[in-house]
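# Residue-level structural notes
Now for the letters of each chain:
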Amino acid sequence: MEPALRRAFNGSREDDRLDLVFGPKPRAAIAALIVSGIVLGRLAESALGPGVITAHLDLSAVLLGAGYALMFRTYLFSSGHAGTADFPWLAASLIPAAAALVLVAFIENTASGNLETIPGAPIWTDFGAVADALADSLAVAAGLTIAVAALCFSENWARALKDLATQLFVFKVLVFVMVLLIVEIGIVGPILAALLKILLGIRVPQWVGEFVDQLTYAALMSVIYFAVIGATWTVCRKTFAQLLETGDADILDAIKAMSESPKKREKRERKQRAKAATTAVEEIAQPEPTAPGKEKDS
């Protein structure tokens, strides 16, 4: 994405159409959108207080996702200027918003005093808690990516909102399972401690297992969030031409197809070809309807 990012923010309007999306001063407009989205989102969260909404949604990400989606949809479906070469700079224009959300979330996570440090462990192990806070902060970037992609890859608003709800649900379930396995149950640290004791006869302090769990959680969750972002944008890039042609692209189906093994993908494609061939044969074999007045006399 680095070349696309340079292309989008190099100050030249010859290699992109950001001015048609964000106005005559796109960089200033994007900066204003990011700042206003974050500030208004945080004010809304303060007004609502702790609850179901603020516990599961970052309202700043919601506002930014909605703002970007409205501008992208206007350009894609109403401007008449959208082309297949537009995807890189459109996607790159979202990067500053995602980076700003991650930075704000990380600052809040570390400044809140709620870092999960390990009691009785050396102070240097606080790095694990900071790494966990950074990994958790990446969730807003993944959520923003999913939201904008889902809202923009269908011209029909109802279909777009349905896709958004489905993708966010899948994303939340994935995160819940990983947190349950690594944090709540803490399977990695105990396994490592047991192996060291059995193989080397080393009995490690309890905090070592907890520290390993923290690092494992940070690494795996970071990989998951970046994989979600990468998979979403890869699928969006591949189906962008289809979106412009038909006004709709099924991102979930495309992601599922990407995740299949080559053997499974080949088997599915053979089934699709066989089904298409059967349908074609049936259409050829179907007798043509007799025109009115041409019936044979009995």
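See above for the structure.
Residues numbered from 1 in each chain as written. Predicted model: local features only at pLDDT ≥ 70, side-chain atom pairs only at ≥ 80, totals over all residues. Heavy atoms only, no water.

## A few points about the environment of Leu244
Just so we agree on the cut-off: Secondary structure elements follow DSSP: runs of H or I no shorter than four residues count as helices, runs of E no shorter than two count as strands, and numbering proceeds from the N terminus. Each residue's exposure class comes from its accessible area (1.4 Å probe, protein chains only) as a fraction of the maximum for that residue type: buried when under 20%, exposed when over 50%, partly exposed otherwise. Throughout, a contact is declared for two residues whenever any of their heavy atoms are within 4.5 Å.
In this structure, Leu244 sits in helix α12 (residues 240-246). On the basis of relative accessibility, which here comes to 26%, the residue Leu244 falls in the partly exposed class. For Leu244 and Glu155, which are 89 residues apart along the polypeptide, the C-alpha to C-alpha distance reads 9.4 Å. Discounting residues that sit within four places of it in the chain, Leu244 has contacts with Leu76, Ala82, Gly83 and Thr84.

## Let's talk about helix α7 (residues 95-111)
Short version of the rule: How far a helix is expected to stretch is found by multiplying one less than its residue total by 1.5 Å.
Here α7 is 17 residues long and its end C-alpha atoms lie 24 Å apart, about the 24 Å a rise of 1.5 Å per residue gives. Those residues of α7 that sit buried are Ala97, Ala98, Ala100, Leu101, Val102 and Ala105. Residues of α7 that are buried make contact with α3 (26-48), α5 (59-78) and α8 (126-152). With its phi angle positive at about 80 degrees, Gly113 sits one or two positions after the end of α7.

## Regarding the packing of aromatic side chains
Selection rule: In summary, the pairing rule links any two rings of Phe, Tyr or Trp, Trp by its six-membered ring, whose centres are within 6.5 Å, and it sorts them by plane angle into stacked for under 30 degrees, edge-to-face for over 60 and tilted for everything else.
Summed over all chains, the structure comprises six aromatic pairs. On the basis of an interplanar angle of 75 degrees and a centroid distance of 6.3 Å, the ring pair of Phe22 and Phe72 is categorised as edge-to-face. Placement of Phe22 in helix α2 (residues 18-22) and of Phe72 in helix α5 is noted, with a sequence separation of 50 residues between them. Consider the rings of Tyr68 and Phe72, whose centres lie 5.7 Å apart with planes at 70 degrees: the pair is edge-to-face. Residue Tyr68 and its partner Phe72 are both found in helix α5; the two are separated by four residues, about one turn of the helix. The two residues Tyr68 and Phe72 agree in class, both being buried. Feature note: the residues Phe22, Tyr68 and Phe72 constitute an aromatic cluster, connected by ring pairs.

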